[in-house]
Amino acid sequence: AAGYVFDYNDNCARAYDSFMALHMEGGRRSIINEIIADPYNLMATYISDYEDCLVLLLNCDPDEYKRRSGHLDQRLALLEKGDHNSPWYRFCKSGIYLHWAIINLRFGNVYQQAVYFRKSFLLLKENQQLFPGFEYNVVFSGLQEAVAGSLPSNYKWLAALFGIKGSGIKGTGQLASFVQSHRPDQPLSEEAALYYL
């Protein structure tokens, strides 16, 4: 992990804000600026995944899916080089799996969506055990809790098979608490607000 860091700096914040505002070109430009400035900042690797997630969710283009699907393994391999003792390590991996779970659900790949959701769920659960005070865990755990607790009956068997349980009320409460205690300019606040809504 020598040299690799998870630094949510100004370039990363600009990229994240651009992607969340659906300004893909601006987000990409900020990611490139960060990679040039610090090629060892794995936060740029993580945030670049938002472009794939949002583009594929919005256009649902099978050709675009094929073109971008290799990014999942590339980004996870890069994140493996990060400090495994950082709370951001498992969090970022969990986030990428969560993005691709959502993407696969959009494309109707229910089994692959469940596999990625479970990987995200387990990574985040481990992160919560190792770093219980890491406030950003709540952004994904709140969403996962709410989704698992709100599954239609025809999907509950799949969640039970993968050992995933949740409560819509508890998950929504976690997200509400995060949104109320964080300013919109803080990391992941926009995403938490979106999940809460």
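Attention here is on the structure that accompanies the text.

Rules behind the numbers
- Residues numbered from 1 in each chain as written.
- Predicted model: local features only at pLDDT ≥ 70, side-chain atom pairs only at ≥ 80, totals over all residues.
- Heavy atoms only, no water.
- Axes fitted to C-alpha atoms, helices over the stretch in contact; angles between N-to-C directions.
- Helix = DSSP H or I, 4+ residues; strand = E, 2+ residues; numbered from the N terminus.
- Parallel < 35°, antiparallel > 145°, perpendicular 65-115°, else oblique.
- Contact = heavy atoms within 4.5 Å.
- Nonpolar A, V, L, I, M, F, W, Y, C, P; charged D, E, K, R; others polar.
- Phe/Tyr/Trp six-rings, centres within 6.5 Å; stacked < 30°, edge-to-face > 60°.
- Buried < 20%, exposed > 50% of the residue type's maximum accessible area, 1.4 Å probe, protein only.

## Focus on the packing of helix α1 (residues 10-20) against helix α11 (residues 189-196)
Next, step 1: Interaxial distance between α1 and α11 falls to 10 Å at its minimum, and their mutual angle equals 30 degrees. With respect to α11, the element α1 is oriented roughly parallel. The segment α1 lies against α11, with Tyr 16, Asp 17 and Met 20 engaging Glu 190, Glu 191 and Leu 194.
Next, step 2: In terms of residue class, the contact of α1 with α11 is made up of three nonpolar, no polar and three charged.

## Examining the packing of aromatic side chains
Next, step 1: Taken as a whole and assessed by the stated rule, the structure comprises 15 aromatic pairs.
Next, step 2: Summarising the aromatic geometry, the rings of Tyr 46 and Tyr 50 are spaced 5.5 Å apart at their centres and angled 85 degrees between planes, so their arrangement reads as edge-to-face. Note that Tyr 46 and Tyr 50 are positioned in helix α3 (residues 42-59) at a spacing of four residues, about one turn of the helix.
Next, step 3: Exposure remark for Tyr 46: the relative accessible area of 1% places this residue in the buried category.
Next, step 4: With a centroid separation of 4.6 Å and an interplanar angle of 10 degrees, the aromatic rings of Phe 91 and Phe 140 are classed as stacked. With Phe 91 in helix α6 (residues 87-106) and Phe 140 in helix α8 (residues 137-149), this pair connects stretches of sequence that are 49 residues apart.
Next, step 5: Relative accessible area serves as the criterion here: at 0%, Phe 140 is assigned to the buried category.
Next, step 6: Site record: aromatic cluster; members linked through ring pairs are Tyr 8, Tyr 16, Tyr 46, Tyr 50, Trp 88, Phe 91, Phe 134, Tyr 136, Phe 140 and Phe 178.

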